[in-house]
Amino acid sequence: QVQLVESGGGLVQAGGSLRLSCTVSGTLFSIVAMGWYRQAPGKQRELVASINSGGATDYAESVKGRFTISRDYAKNPVYLQMNSLKPDDTAVYYCNIRGYSTPSSFDDFWGQGTQVTVSS
């Protein structure tokens, strides 16, 4: 059974930085893409950043130039470095992995989320 656990969230002042990490337990046959999503109160969950198996990255317009997604093949699978944080970045951040748990079982795997609060 694959489980994702996020960490690194917290309270920070505007202009500050946080680094989110996503730890995976269990075995994945292969990973297609990994990403970070966020959901603010009263809003839909949105993609923040993603990185595919080839290392190509994509970012929401609102975080370009401030956030960086990266992979560490040796340890935690995915990080999100968040700089120059703004109050609008306040949300619950979720780690997502799209991949195969077996050669024929493709699925989306989600963490439980970590709260990021940016004060003005």
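Residues numbered from 1 in each chain as written. Predicted model: local features only at pLDDT ≥ 70, side-chain atom pairs only at ≥ 80, totals over all residues. Heavy atoms only, no water.

Engineer: Any chance you could explain the layout of surface pockets here in plain terms?
Structural biologist: Over the atoms a probe the size of a water molecule is rolled, and this reveals where empty space is left. Looking at the largest pocket, its volume works out to about 160 Å³. As for the largest pocket, its lining consists of 13 residues, and the residues nearest its centre are Arg38, Lys43, Glu46, Ser62 and Asp88. A per-class count over the lining of the largest pocket returns two nonpolar, four polar and seven charged. (1 Å grid on protein atoms, 1.4 Å probe; cavity = no way out; pocket = protein on both sides within 12 Å on 5 of 7 lines; lining within 4 Å. Points joined across faces, edges and corners; volume = space filled by probe spheres on them. Nonpolar A, V, L, I, M, F, W, Y, C, P; charged D, E, K, R; others polar.)

Engineer: Hey, could you run me through the nonpolar core in this one?
Structural biologist: Here is a general trend for soluble globular proteins: nonpolar side chains tend to be buried in one another's company. Residues Trp36, Phe67, Ile69, Leu80, Met82 and Tyr93 are the most contacted members of the largest nonpolar core, which totals 28 residues. Listing elements by their share of this core, those giving two or more residues are strand S3 (18-25), strand S4 (30-39), strand S5 (46-52), strand S7 (67-71), strand S8 (78-82), strand S9 (91-102) and strand S11 (114-119). Top contributing element to this core by residue count: S9, with four residues. (Core = buried A, V, L, I, M, F, W, Y, C linked by side-chain atoms within 4.5 Å. Buried < 20%, exposed > 50% of the residue type's maximum accessible area, 1.4 Å probe, protein only. Helix = DSSP H or I, 4+ residues; strand = E, 2+ residues; numbered from the N terminus.)

Engineer: How do you make sense of the pattern of salt bridges when you look at a structure like this?
Structural biologist: For side chains bearing opposite charge, pairing can occur when the charged atoms are close. Scanning all chains against the criterion turns up five salt bridges. Across the pair Glu46 and Arg38 runs a salt bridge, and its minimum N-O distance is 2.7 Å. With a relative accessible area of 6%, Arg38 lands in the buried category. A salt bridge links Arg66 to Asp89; the shortest N-O distance between them is 2.8 Å. With Arg66 in the loop between strand S6 (57-59) and S7 and Asp89 in the loop between S8 and S9, this pair connects stretches of sequence that are 23 residues apart. Here the salt bridges share partners, and the residues they tie into one network are Arg38, Glu46, Arg66 and Asp89. (Salt bridge = Lys/Arg side-chain N within 4 Å of Asp/Glu carboxyl O.)

Engineer: Quick question: what am I supposed to make of the state of the cysteines here?
Structural biologist: What is meant by a disulfide is a covalent connection between two cysteines, made through their sulfur atoms. Using the criterion set out here, one finds one disulfide in the structure. Linked covalently through their sulfurs, Cys22 and Cys95 form a disulfide whose S-S length is 2.1 Å. Linking Cys22 and Cys95, the disulfide has an S-S dihedral of approximately -85° and is accordingly described as left-handed. On the criterion of sequence distance, the pair formed by Cys22 in strand S3 and Cys95 in strand S9 is long-range, its members being 73 residues apart. Exposure class is identical for Cys22 and Cys95. Each is buried. (Disulfide = S-S within 2.5 Å.)

Engineer: What's the story with the environment of Ser7 in this structure? I'm lost.
Structural biologist: As for its position among the elements, Ser7 is in strand S1 (residues 3-7). On a C-alpha basis, the gap between Ser7 and Thr114 in space is 6.3 Å, while along the polypeptide they are 107 residues apart. Ignoring sequence-local partners within four residues, the contact set of Ser7 consists of Arg19, Leu20 and Ser21. (Contact = heavy atoms within 4.5 Å.)

Engineer: How should the environment of Gly65 be read in this particular structure?
Structural biologist: Along the chain, Gly65 falls in the loop between S6 and S7. Between the C-alpha atoms of Gly65 and Met82, which are 17 residues apart in sequence, the distance is 9.6 Å.

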